[in-house]
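# A look at the structure
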Amino acid sequence: QVQLVQSGAEVKKPGASVKVSCKASDYSFPSFGINWVRQAPGQGLEWMGWISAYNGDTSSAQNLQGRVTMTTDTSTSTAYMELRSLRSDDTAVYYCARGAAVAASPRSFDYWGQGTLVTVSS
Amino acid sequence: DIQMTQSPSILSASVGDRVSITCRASQSISSWLAWYQQKPGKAPKLLIYKASTLQDGVPSRFSGSGSGTEFTLTVSSLQPDDFATYYCQHYNTFSQTFGQGTKVEIK
């Protein structure tokens, strides 16, 4: 069955960077995209960005532009999300979720990773 | 940016109740609306997409309706497994917005 398996929890200091991976299995990776969504403790869901595994197109939330980079490695069916210049309010569970392959065909998020807790603390 | 507003924020109900959650968009989003269920410590689960299409494997007691700016998620007969937080989402590849969530708790 379709699975998205994320890398493990991270603890980072303010100003550092974090890179979270999301390995996909049991579907054609280039036929979809990957979204990144985060959830601060006790808070709601916040969309961070999207990358197409088909053509590499990306889009990110305005409040994160310049700090977030999303990439894919089709040879290993893995997506990556790097967040730089970490602050304490970046502490959250980060999820990857399967989505649209191309911008012209919006798609809801039908499969999600298990989540990766990123803690930013001095 | 399009804003999504859910109501109520908290809904207290009993097993067997029919419950509805409303989601309003700040401008028309056609039918690009999904509903998710999230339980504590777990990833969200897709329930409904395109406003009213039930995701495979989701019980038929869940239904969605609406288009444009007003949408509703209805659970026809609340089951013990349904006590959770529900989120609506406007999805469009370049802009995705979630509602703030509705917690369905036991009365």
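This part takes up the pattern of salt bridges. Residues and elements named next belong to chain A. By the definition in use, this model includes 11 salt bridges over all chains. Across the salt bridge formed by Glu46 and Arg38, the nearest N and O atoms sit 2.7 Å from each other. Here Glu46 falls in the partly exposed class, since its relative accessible area comes to 26%. Three or more residues joined by partner-sharing salt bridges are found here, namely Arg38, Glu46, Arg67 and Asp90.

Our next topic: the nonpolar core. In terms of nonpolar packing, the biggest core is built from 26 residues, with Tyr27, Ile34, Trp36, Met48, Met81 and Leu83 of chain A touching the most fellow members. Looking at this core, the elements that each hand over two or more residues are strand E3 (18-25), strand E4 (33-39), strand E5 (46-52), strand E7 (68-73), strand E8 (78-83), strand E9 (92-99) and strand E10 (116-120) of chain A. Excluding its chain neighbours within four sequence positions, the residues that come into contact with Ile34 of chain A are Leu4, Cys22, Tyr27, Phe29, Gly49, Trp50, Ile51, Ala79, Cys96, Ala97, Arg98 and Gly99 of chain A. Within the second largest apolar cluster, 25 residues are counted, among which are Ala13, Val19, Val75 and Tyr86 of chain B.

A few words now on the packing of aromatic side chains. Scanning the entire structure with this criterion turns up 9 aromatic pairs over all chains. Plain terms: the ring middles of Trp112 of chain A and Tyr36 of chain B are 5.7 Å apart, the flat faces sit at 80° to each other, and that makes the pair edge-to-face. Note that Trp112 of chain A is positioned in the loop between E9 and E10 and Tyr36 of chain B in strand E4 (residues 33-38), a pairing that runs across two chains. For Trp112 of chain A, a relative accessible area of 11% corresponds to the buried category. By relative accessible area, Tyr36 of chain B is classed as buried at 0%. Between Tyr36 of chain B and Phe98 of chain B the ring centres are 6.1 Å apart and the planes differ by 55°, which places this aromatic pair in the tilted class.

Residues and elements named next belong to chain B. Relative to the helices and strands, Pro8 is located in the loop between strand E1 (4-7) and strand E2 (10-13). Note on Pro8: relative accessible area 30%, which makes it partly exposed. Put simply, Pro8 and Gln55 are 47 residues apart on the chain and 24 Å apart in space, counted from C-alpha to C-alpha. Among all residues touching Pro8, those that are not within four sequence positions of it are Ser20, Gly101 and Thr102.

What follows concerns the state of the cysteines. All names here are of chain A. Scanning the entire structure with this criterion turns up 2 disulfides over all chains. Here Cys22 pairs with Cys96 through a disulfide, and the sulfurs are 2.1 Å apart. Across the disulfide from Cys22 to Cys96, rotation about the S-S bond amounts to roughly 75°, and the bridge is consequently right-handed. In this pair, Cys22 is assigned in strand E3 and Cys96 in strand E9, connecting sequence segments 74 residues apart. Judged by relative accessible area, Cys22 falls into the buried class, the value being 0%.

All names here are of chain A. Ordered in space as E2-E10-E9-E4-E5-E6, the 6 strands form an open sheet in which the pairing is mixed. Unpaired on one side and paired on the other, strand E2 (10-12) and strand E6 (58-60) mark the two borders of the sheet. Each strand axis lies, on average, 20° off the axis of its neighbour in the sheet, ignoring direction. Sheet topology places E5 next to E6; 3 bridges connect them, and they run antiparallel. Note on E6: the bridge partner recorded for Gly49 is Ser60.

Thresholds, definitions, all that
Residues numbered from 1 in each chain as written. Chains lettered and ligands numbered in written order. Predicted model: local features only at pLDDT ≥ 70, side-chain atom pairs only at ≥ 80, totals over all residues. Heavy atoms only, no water. Salt bridge = Lys/Arg side-chain N within 4 Å of Asp/Glu carboxyl O. Buried < 20%, exposed > 50% of the residue type's maximum accessible area, 1.4 Å probe, protein only. Core = buried A, V, L, I, M, F, W, Y, C linked by side-chain atoms within 4.5 Å. Helix = DSSP H or I, 4+ residues; strand = E, 2+ residues; numbered from the N terminus. Contact = heavy atoms within 4.5 Å. Phe/Tyr/Trp six-rings, centres within 6.5 Å; stacked < 30°, edge-to-face > 60°. Disulfide = S-S within 2.5 Å. Pairing = 2+ DSSP bridges. Axes fitted to C-alpha atoms, helices over the stretch in contact; angles between N-to-C directions.

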